[in-house]
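Analysis of the macromolecular model
If you want the building blocks of each chain, they are given just below.
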Number of protein chains: 2
Amino acid sequence: MKFSANKDDLLNGIKIVERATVVKGLQPVLANVLIETEGANQVKLTATDFDISIITLIDAHVEDEGKFTLPAKKLGEILSRLNDDLINLEFSDSAATITCKNSKFDIIGISANEFPRIEENISEDDCMEIETKPFAKAIRQVVSAAAGYETNNLLSGVVCEVNKNILEMAATDGNRLARVREVVQNKSADDEKPFEMLLSSRVLSELSKISLLTDSDSIKICKEKKKIVITIDKTKIVTNLMFGQFPKYNQLIPQSFPKEAVIDKYNLTSALERVAVMVSEKNSIVKFEFADNTLKLSGDSPEAGNSQDEIDIKYTGEPLAIAFNYKFILEFLKIAESEEVKVELNSPLSATVFAPVSDEDYIYLVMPVQLRG
Amino acid sequence: MKFSANKDDLLNGIKIVERATVVKGLQPVLANVLIETEGANQVKLTATDFDISIITLIDAHVEDEGKFTLPAKKLGEILSRLNDDLINLEFSDSAATITCKNSKFDIIGISANEFPRIEENISEDDCMEIETKPFAKAIRQVVSAAAGYETNNLLSGVVCEVNKNILEMAATDGNRLARVREVVQNKSADDEKPFEMLLSSRVLSELSKISLLTDSDSIKICKEKKKIVITIDKTKIVTNLMFGQFPKYNQLIPQSFPKEAVIDKYNLTSALERVAVMVSEKNSIVKFEFADNTLKLSGDSPEAGNSQDEIDIKYTGEPLAIAFNYKFILEFLKIAESEEVKVELNSPLSATVFAPVSDEDYIYLVMPVQLRG
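So, how was this worked out
Residues numbered from 1 in each chain as written. Chains lettered and ligands numbered in written order. Predicted model: local features only at pLDDT ≥ 70, side-chain atom pairs only at ≥ 80, totals over all residues. Helix = DSSP H or I, 4+ residues; strand = E, 2+ residues; numbered from the N terminus. Buried ≥ 20, exposed ≤ 12 C-beta atoms within 10 Å, placed from the backbone. Contact = placed C-beta atoms within 7 Å. Nonpolar A, V, L, I, M, F, W, Y, C, P; charged D, E, K, R; others polar. Least-squares fit on C-alpha atoms with pLDDT ≥ 70 in both. Axes fitted to C-alpha atoms, helices over the stretch in contact; angles between N-to-C directions. Parallel < 35°, antiparallel > 145°, perpendicular 65-115°, else oblique. Left-handed = near helix turned anticlockwise from the far one by under 90°. Pairing = 2+ DSSP bridges. Domains from an automatic or database assignment. Arc of directions from axis to C-beta.

1. Some remarks on the overall build of chain A
A tally of regular secondary structure across chain A gives six helices and 25 strands. Along the first, second and third principal axes, the C-alpha atoms of chain A reach 75 × 55 × 35 Å. Taking all 373 residues of chain A together, the buried fraction comes to 42%. Put simply, of all contacts in chain A between residues at least 6 apart along the chain, 66% involve residues at least 24 apart.

2. Re the environment of B:Ile210
Residues and elements named next belong to chain B. Examined against the element boundaries, Ile-210 turns out to sit in helix α4 (residues 201-213). Through-space distance from the C-alpha of Ile-210 to that of Arg-179 is 22 Å; in sequence the pair is 31 residues apart. Those residues in contact with Ile-210 that sit more than four places away from it in its chain are Ile-16, Ile-232 and Thr-235.

3. Focus on the interface of chain B and chain A
By convention, interface size is frequently given as the accessible area that disappears when the constituent parts associate. Across the boundary between the two partners, chain B contributes 28 residues, which contact 28 residues of chain A. With seven residues, strand β21 (residues 305-312) of chain B is the largest single contributor of residues to the side of chain B that touches chain A. Residues belonging to the side of chain B that touches chain A are distributed by class as follows: 10 nonpolar, eight polar and 10 charged.

4. Remarks on unusual backbone geometry
Phi is positive for B:Phe50, which is not a glycine, with a value near 75°. Relative to the assigned elements, B:Phe50 resides in the loop between β3 (42-48) and β4 (52-59).

5. Remarks on the relation of the copies chain B and chain A
Look at the two chain copies: a rotation about an axis and a shift along it is all it takes to match them. Expressed as a screw transformation, the operator carrying chain B onto chain A has a rotation angle of 180° and an axial translation of 0.0 Å, and the superposed copies differ by an RMSD of 0.0 Å. Accordingly, the operation relating the two chain copies is best matched by a two-fold axis. Residues of chain B ranked by C-alpha distance from the rotation axis are headed by B:Lys24, positioned 16 Å from it. The overlap is high: 100% of the interface residues of chain B also sit at the interface in chain A, so the same surface is used on both sides.

6. With respect to the packing of helix α5 (residues 265-276) of chain B against helix α6 (residues 326-335) of chain B
Residue and element names in this part refer to chain B. In contact at an axis separation of 10 Å, α5 and α6 are set at 150° when each is read in the N-to-C sense. Put simply, α5 runs roughly antiparallel to α6. Regarding α5 and α6, the two cross each other, and that crossing is left-handed. Side by side, α5 and α6 meet where Lys-265, Leu-268, Thr-269, Leu-272 and Ala-276 of the first sit next to Tyr-326, Ile-329, Leu-330 and Leu-333 of the second.

7. Some details on the packing of helix α3 (residues 132-142) of chain A against helix α4 (residues 201-213) of chain A
Residue and element names in this part refer to chain A. In contact at an axis separation of 9 Å, α3 and α4 are set at 135° when each is read in the N-to-C sense. Viewed along their axes, α3 and α4 adopt a mutual orientation that is oblique. When you trace α3 past α4, the crossing you get is left-handed. Where α3 approaches α4, its residues Thr-132, Ala-136, Ile-139 and Arg-140 are matched on the opposing element by Leu-204, Leu-207, Ser-208 and Ser-211. Residues that form the contact of α3 with α4 fall into these classes: four nonpolar, three polar and one charged.

8. Thoughts on the sheet that holds strand β13 (residues 176-183) of chain A
Residue and element names in this part refer to chain A. Taken together, the eight strands give an open sheet; going across it, the order is β14-β11-β12-β13-β25-β24-β23-β18, and neighbouring strands pair in antiparallel fashion. Both edges of this open sheet fall to β14 (195-200) and β18 (259-264), since each of them pairs with a single strand only. The average angle at which neighbouring strand axes cross in this sheet is 15°, direction not considered. Here strand β11 (residues 157-163) runs beside strand β12 (residues 166-172); their pairing, made up of five bridges, is antiparallel. Directly across from Asn-163, in β12, lies its bridge partner Ile-166. The sheet strands contacting α4 are β11, β12 and β14, and the helix crosses β14 at an angle near 95°.

9. Section: the sheet that holds β4(B)
Sheets are built from strands paired through backbone hydrogen bonds, the pairs being either parallel or antiparallel. Residues and elements named next belong to chain B. Pairing within the open sheet is antiparallel, and its eight strands lie in the order β6-β2-β3-β4-β17-β16-β15-β10. Looking at the sheet topology across the chains shown, the edges are occupied by β6 (67-71) and β10 (127-131). Sheet twist, expressed as the average angle between the axes of neighbouring strands with direction ignored, equals 20°. Taken together, the seven bridges between β3 and β4 define a ladder with antiparallel strand orientation. Opposite Leu-45, over in β4, you have Thr-56 as the bridge partner.

10. A short note on the domain arrangement of chain A
Residue and element names in this part refer to chain A. Each domain of chain A was delimited in the assignment, giving domain 1 (2-114), domain 2 (127-250) and domain 3 (256-366). Averaged C-alpha coordinates put domain 2 and domain 3 at centres separated by 29 Å. Taken together, the contacts link 11 residues of domain 2 with 10 residues of domain 3. Sorting elements by how many residues they give to the side of domain 2 that touches domain 3 places β13 first, with seven residues. A class-by-class count of the residues in the side of domain 2 that touches domain 3 yields three nonpolar, three polar and five charged.

11. Focus: the pairing of strand β11 (residues 157-163) of chain B
Residue and element names in this part refer to chain B. Buried residues dominate β11, accounting for five of its seven residues. Bridge count for β11 against strand β14 (residues 195-200) is six bridges, and the pairing is antiparallel. What sits directly across from Val-158, in β14, is Leu-199. In this structure, the hairpin formed by β11 and strand β12 (residues 166-172) is closed by a connection of two residues, where Lys-164 is found at a positive phi of approximately 50°.

12. A closer look at helix α2 (residues 72-81) of chain B
Residue and element names in this part refer to chain B. Of all the positions in α2, only Ala-72, Lys-74, Leu-75, Ile-78 and Leu-79 are classed as buried. The buried side chains of α2 occupy one side of the element, clustering within an arc of 165° when seen end-on. Summarising the contacts, the buried residues of α2 are in contact with α1 (7-17), β2 (32-38), β3, β6, β8 (95-100) and β9 (103-108).

As structure tokens, then:
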């Protein structure tokens, strides 16, 4: 195999696929990227950890066809340090030679025969095409509320539904729940049947990062039995759908709240960060006391001491004391794109909803923590 | 004890002294900073790990005298998150209360009686006073050549000599040697006896960092038997001198070299970083081949492959192949403040001197590595 390519194209391709490599696994070939010529003008890069496979195409000038695998990390390190634009790659049985101006590298690789076969083709019967930006934004808004990534834990998944022109995405780890609704352009909007899928939060995080490295207005998603293929520009993510009964989260969201506070996001963030210095790492509890246009925050750590802070807010309801894991609230505040946030309250033990004041379609529900004493 | 202070003054003071705290040691009080009132307008902060003690004074409005210790890390975290300038501190037997506008913290501390006594006073018989900037620059130029910090290893020390108006500083770990000479203003320059000291590289690194946090043109250094006190602005570092026979390093530096190369620093740095991708982490060897105004660099890693690069240089001597630990060379290139560097060569196994072309007074000697085969 022999081809030449533009340095940035190849480096960008490696950056996209290397997210699926397994660096210190039992199979050394999974730390590598499979490089295959595709006709005279393209090279295909593939990496997989069996959970996710990422495939991307780059432009190249192919002189001799073939395929081979090379360590993704070394390849990325080399490419990022090269000065010139044009790179030549020539492959032998056990190594590749990269030349670029005065630089030359021989990299030991592994035969393409040892690389797992990835089936990227899928029936186009059940597909949807969605705008990249609102889809990637929705991912960022909900993904942190999912449970930590584990293959078989449904709560590490994100529910995603497109019904006509409405995208709804939600995730919950049992202690909090993020849900977003967005109006999107959906080229398959005529379909009567909504498009539904449950994907691992990890797949969606990777997709959101890849969307920043590519240059495409729309994402195409096709599913077939257990399998799903997400196509964005020249990149495909191949993975499995998650199956099972995801909690009926919309039933968990109270329809109305007797009390509402409106709080400046910056003030809340900085007061919470101050108070959190004196919170025990184990439970991360901060007490919120709402009364008379004032929010009093307090933290307590048996070993270190305690902390209190007070900020002006808009709140005219009955006084209410409630406690939260402050890390959940800070995560919401980091995502919320508005100057003010709304807190919708009921009682010290009932679900509380945080939302940006300017964006009615995004809510972040947090279960409070019971206060002792 | 009760006092008020400016937030930035107190935070800066904590940042200076906390470098000497011991975070996870056997004695919890060493993670704390000792806070003592000094008259009506100053507060003294002290931290120690027994190797180094750092003491600094800050301006304060003292209402009640006293002393107490508080955890340096928590205190720094709290101060850095406060919004307002004026901070009030009030101390009880077991805790301190910090108030600042709407924020209030109770921090659990440890009695000052448990804090070790640091003797900061020293006879002024053997002192020198030196300009801060050239002294701090000399530290940065040599300190990385010292061996890793160990209390009793002489090679982890830095030799420092002031003779009239000449400062000479040197460090070596046995594989490389950095030496710098600077003309400095020395207020005790009339002394006939040069001022000499061997200090641990760690003390000098701390001093160089503290010099960036303070605002003083000169550093005063006094020694007495084993002890040394370094005063910079309102901060004192108290530590011990190292004793023993430091290598006679000036004898190790060849007086003349038959071959000399002049190399663009940027080109050498980037070529070396490229070639180093394919160098085994264990020995870090890069081969340098000088010939005909060209430098060829090559690396080899049994597992990963090999690399070669070539740059144009000024070199008209006999061809010479020599190998170095590339990390030493990159460290020198990072410190050297010039566009071109000079490499003075003798034979493949003899000491080689790297120096910035514009700065004759700084040299970085590196022992080559023997090439196999």
